[in-house]
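Summary of structural features
Single-letter residue listing:
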Amino acid sequence: MVAPILPMIMSQAVLRRGGHRILGPVTLTLEGRGITIVLGPNGAGKTSLLRAMHGLDRLRSGSVSWAVPTEAARKRQAFVFQTPILMRRSVRDCIAFPLTLAGHSRRDARQQASAMAERVGLAGHLDQPAQSLSGGERQKMAIARALVCAPQVLFLDEPCANLDGRSTAEIEAILLAAREGGTRIVMATHNVGQARRLADDVLFVHRGLLHESGPAAGFFSNPQTPEARAHLQGDLLS
Amino acid sequence: MILKSLFVFFALAFSATASLAEDLKLAVTTSFANSGLAEILLPAIAEDTGINVQLLIVGTGQALALGQAGDVDAVLVHARAAEEAFIAAGHATHRREIMYNDFVLIGPAPDPAGVASAPAAAAALELIALARAPFVSRGDESGTHLAEKALWAAAGIEPQGDWYRSVGQGMGAALNTASGMDAYILSDRASWLNFGNKGNLALLFSGDPAMFNQYAYLPVNPANHPHVRADLAATLEDWLTGDHARALIDGYLLSGEQLFHFNATPD
Amino acid sequence: MGNIWQGLTEAARLVLHLDADLLEITARSLQVTLSATVIAALIGLPTGAWLAVSRFRARRVVVATMNALMGLPPVVVGLLVYMLFSRSGPLGVLGLLFTPAAMIIAQVIIIAPIMASISHQAIRELWADYHDLLISLNASRVQRIRALLWDGRRSLLTAALAGFGRAIGEVGAIMIVGGNIDHATRVLTTAIALETGKGNLALALGLGFVLIALAMAVNLALHFLTRTETSGRW
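About the criteria used
- Residues numbered from 1 in each chain as written.
- Chains lettered and ligands numbered in written order.
- Predicted model: local features only at pLDDT ≥ 70, side-chain atom pairs only at ≥ 80, totals over all residues.
- Helix = DSSP H or I, 4+ residues; strand = E, 2+ residues; numbered from the N terminus.
- Rg over C-alpha atoms; globule rule 2.2 N^0.38 Å.
- Buried ≥ 20, exposed ≤ 12 C-beta atoms within 10 Å, placed from the backbone.
- Contact = placed C-beta atoms within 7 Å.
- Pairing = 2+ DSSP bridges.
- Axes fitted to C-alpha atoms, helices over the stretch in contact; angles between N-to-C directions.
- Parallel < 35°, antiparallel > 145°, perpendicular 65-115°, else oblique.
- Left-handed = near helix turned anticlockwise from the far one by under 90°.
- Nonpolar A, V, L, I, M, F, W, Y, C, P; charged D, E, K, R; others polar.
- Expected span 1.5 Å × (residues − 1).
- Arc of directions from axis to C-beta.
- Domains from an automatic or database assignment.

**Examining the overall build of chain B**
Tallying secondary structure elements over chain B gives 11 helices and 12 strands in all. Here chain B has a C-alpha radius of gyration of 20 Å; the compact-globule value for 267 residues is 18 Å, and the two agree. Projected onto the principal axes, the alpha-carbon positions of chain B cover approximately 65 × 55 × 40 Å. Every one of the 267 residues in chain B was classed for burial, and the buried ones make up 46%.

**Focus on the overall build of chain A**
Counting secondary structure elements, chain A contains 9 helices and 9 strands. Its C-alpha atoms give chain A a radius of gyration of 18 Å, near enough to 18 Å, the size a compact globule of 238 residues would have. If you line up chain A on its principal axes, its C-alpha atoms span 55 × 40 × 35 Å. Here chain A holds 238 residues, and 44% of them are scored as buried. Summarising the internal contacts of chain A: among those between residues at least 6 apart in sequence, 67% fall at separations of at least 24.

**Details of the pairing of strand S3 (residues 35–39) of chain A**
All names here are of chain A. Burial of S3 is extensive: 5 of the 5 residues sit out of reach of the surface. Sheet analysis places S3 next to strand S8 (residues 201–206), joined by 4 bridges and oriented parallel. Pairing of Thr36 across the sheet is with Asp201, part of S8.

**Describing the packing of helix H4 (residues 74–85) of chain C against helix H5 (residues 100–136) of chain C**
All names here are of chain C. It is the contact of H4 with H5, at a shortest axis distance of 10 Å, that shows an interaxial angle of 135°. Viewed along their axes, H4 and H5 adopt a mutual orientation that is oblique. For the pair H4 and H5, the crossing hand works out as right-handed. In contact with Pro74, Val77, Gly78, Val81 and Phe85 of H4, H5 contributes Ala102, Ile105, Ala106, Ile109 and Ile110. Residue classes in the contact of H4 with H5 are distributed as 9 nonpolar, 1 polar and no charged.

**Comments concerning the interface of chain C and chain B**
With 25 residues of chain C in contact, the opposing surface of chain B contributes 29 residues. Those elements giving two or more residues to the side of chain C that touches chain B turn out to be helix H2 (20–53), H5 and helix H9 (188–197) of chain C. In terms of residues, the side of chain C that touches chain B owes the most to one element, H2 of chain C, which gives 4 residues. Taken together, the residues of the side of chain C that touches chain B sort by class into 11 nonpolar, 11 polar and 3 charged.

**A short note on the pairing of strand S2 (residues 20–30) of chain A**
Residue and element names in this part refer to chain A. Sheet analysis places strand S1 (residues 8–17) next to S2, joined by 7 bridges and oriented antiparallel. Across the sheet, Arg16 pairs through a bridge with Arg21, a residue of S2. Count of turn residues in the S1/S2 antiparallel hairpin: 2 residues, of which Gly18 carries a positive phi of about 55°.

**Points about the arrangement of the chains**
Contacts are most numerous between chains B and C, considering all 2 pairs of chains that are in contact. A gap remains between chain A and chain B, with no contact made and the closest C-alpha atoms lying 18 Å from each other.

**A look at helix H4 (residues 106–119) of chain A**
Residues and elements named next belong to chain A. Over its 14 residues, H4 extends 20 Å from the first C-alpha to the last, a length consistent with the 20 Å expected when each residue adds 1.5 Å. All of the buried residues along H4 are Ala109, Ala113, Met116 and Ala117. Looking straight down H4, one finds its buried side chains confined to an arc of 100°; they lie on one side. Next to the buried residues of H4 lie helix H3 (91–101) and helix H5 (135–147).

**A closer look at the sheet that holds strand S5 (residues 77–80) of chain A**
Residue and element names in this part refer to chain A. Taken in spatial order, the 6 strands line up as S5-S6-S7-S3-S8-S9 in an open sheet, and their pairing is mixed. Edge positions in the sheet fall to S5 and strand S9 (209–215), since each of these pairs with one other strand and no more. In this sheet, adjacent strand axes meet at a mean angle of 15° when their direction is disregarded. Contacts from helix H6 (residues 165–180) reach S3, strand S6 (153–157) and strand S7 (184–189) within the one sheet, and its direction differs from that of S7 by about 150°.

**Considerations on the domain arrangement of chain A**
You can read the domains of chain A as domain 1 (8–86 + 151–232) and domain 2 (87–132). Each of domain 1 of chain A and domain 2 of chain A has a C-alpha centre, and these two points are 26 Å apart.

**Let's talk about H3 of chain A**
Among the 11 residues that make up H3 of chain A, 10 are buried, leaving the element largely enclosed by the rest of the structure. Listed in full, the buried residues belonging to H3 of chain A are Val91, Arg92, Asp93, Cys94, Ile95, Ala96, Phe97, Pro98, Leu99 and Leu101 of chain A. Contact partners of the buried residues in H3 of chain A: H4 and H5 of chain A together with helix H6 (141–151) of chain C. At the exit of H3 of chain A stands Gly103 of chain A, carrying a positive phi of roughly 100°.

**Considerations on the environment of Ala120 of chain B**
Residues and elements named next belong to chain B. Relative to the elements of secondary structure, Ala120 occurs in the loop between strand S4 (96–108) and helix H6 (121–131). For Ala120, a count of 17 C-beta atoms within 10 Å gives the class partly exposed. As for Ala120 and Ala133, which are separated by 13 residues in sequence, their C-alpha atoms are 18 Å apart.

**Concerning the domain arrangement of chain B**
Residues and elements named next belong to chain B. Segmenting chain B into domains produces domain 1 (21–100 + 213–262) and domain 2 (102–211). Once you take the C-alpha centre of each, domain 1 and domain 2 turn out to be 26 Å apart. Taken together, the contact between domain 1 and domain 2 spans 17 residues of the former and 18 residues of the latter. At the level of secondary structure, the elements contributing two or more residues to the side of domain 1 that touches domain 2 comprise helix H2 (30–35) and helix H4 (60–69). When residues of the side of domain 1 that touches domain 2 are assigned to their parent elements, the largest contribution, 4 residues, is made by H2. The residue inventory of the side of domain 1 that touches domain 2, partitioned by class, reads 4 nonpolar, 12 polar and 1 charged.

**Observations concerning the interface of chain A and chain C**
Taken together, the contacts link 16 residues of chain A with 13 residues of chain C. When its residues are assigned to classes, the side of chain A that touches chain C shows 8 nonpolar, 3 polar and 5 charged.

**Comments concerning the sheet that holds S1 of chain A**
All names here are of chain A. Read across the sheet, 3 strands follow the order S2-S1-S4 without closing on themselves; strand pairing throughout is antiparallel. A single partner strand is all that each edge strand has here, and the edge strands are S2 and strand S4 (61–65). Within the sheet, the average angular offset between the axes of one strand and its neighbour, ignoring direction, is 25°.

**Some words on the packing of H2 of chain C against H6 of chain C**
All names here are of chain C. Look at H2 against H6: their axes get within 10 Å of each other, and the N-to-C directions meet at 120°. If you check the angle between H2 and H6, you find them oblique. Note that H2 runs across H6; the crossing there is right-handed. Residues Leu45, Pro46, Ala49, Trp50 and Val53 of H2 form the contact with H6, whose own contacting residues are Arg141, Arg144, Ile145, Leu148 and Leu149. Across the contact of H2 with H6, the residue classes tally to 8 nonpolar, no polar and 2 charged.

Right, here's the structure in full:
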């Protein structure tokens, strides 16, 4: 059994881009089980928060630390981007890619990739170029690629932003199954309905700052800040 | 699979460098190469001596430079003053005269300058200069160019003006240029006879002893370059000055004409 | 027109008679240029990829230098290689002057910057696409370069073919370092120069058509091979 990488402690994290502060300072702790939804309007800093946790962007100040050294923790995380990054390979090879990076044999990687493709409903597309998939299939491929190394923590950035209802439902089912399997999920969305369906915990973000964090039930029934209240009512936040 | 084809590439690429035959590199001038005599001599040399002569066909200047650098084992050139300077500088042990041929004056068949009836080579050039008829010069410090300059000097003329075109190229390229512009040009007889793009050009003047062209063989000095095959160079020198070479050189005819005259003296 | 027609006829005659000399110099042309292409690809393509994914202080200078080297005049390369490998030069002891190996070296110097530059352009675009994914997956620099080279292989094939095209038609450098020695270093381009010098324009042009046909055949063969490969993979 691999050592757990949680809890993750983010302390006073700040991201800047082009002279502007786009995130922070944010302090939070990620632990436990289930699905944490990062909720907030477009441009609130949800993506920046996820990228900062995962270590994709260098912090201007503050820190992110895991229960194990960062390098080791990184190998137990995965990230799904809003726009799936498609490699110029077959679906099977795209999904197998993280395994080959991790040193699995090609044969083993391709076998596991096939099994994973079956789990997300892409079994019929294994030998197709990834570029030929539809929008929903592309995102399912990206999720399969993220799950194939059995990460302890899975970040997803608005995975259903541009998808129809059916694809969204399929992806939510995949995520709930992964949650049952013990994967800690952190997912950004601006969609309140999706947040209600999936969240165990909520981080509410607005203008680069963390306004609320806590269990989903309490957040949805009794939001503490006027911004969260407004967003839950469907008002536009500026 | 990729590795295997790579291996084949490299094997092919370097196999040619590991030849078993006794190779001797000889720098020769374009005029010699263009004569076609090499195709007669090289197989006979290989048969008689076992030496595989590799010809580097360059101008006299570059041939001597190759010898000086030790990149060839011997040179066969035709520029006496340059050869003597080469020996004086210690780049070759000695020079050995092998044979001579001659230069000919080529020009447009109607002969606007009237060189065909000139009494001597210098007078012919004088007529060309007077008529300001187009003249193509090699302009590359080759043996032929040096010979041309000597003839102009003998005529007391320093050729210049837009009729005098210095092309800075080999014999063939210069002949192509002359053919294209209907110009006069000094060529060695062999290159002229073998030249395939004569156009309007014709041989207008030849036979002046001032136009004789002596070829000499110079082995590169092994004291400067221990790797040169001085042994093979000596063997080749013996062969070139011997009876078989005499028969082949004197017997070589092009369009029914004898091109080269063997004049090596025995040791 | 007459001369060009004669050239075509001459080319047909040479090919139909399978002239032994023609076969020899054609094979040597291929041998020299394919070797140079493979070696230059092994050097140039990863270099271009490495420059695309690396960030270091002198990177801009290196990229600018590489782009400038693309325009290296072959004659100058030939002269430099000649002086390096001349018996009087620093590498003279190797005895490589006037051998196919020296010709390969000269061609590698001429085409490696072209391949590096084209692969740099292509890989840089791919790297922009893959950047977040490869960082997220914690790929090492070698793994990143390998993934980019593999996924960019079609662009890289184009880069390699550009190098091949420049090398197969090159005459200035290999004339100097190879010496155009019959049965040793004579290739199609130097033979064309020689025959032109002899005024055998039809023969020279015939050889030229053979050269063009050869270059096209290699291009088509590679495209065909890669297409069958990809259709099998995908």
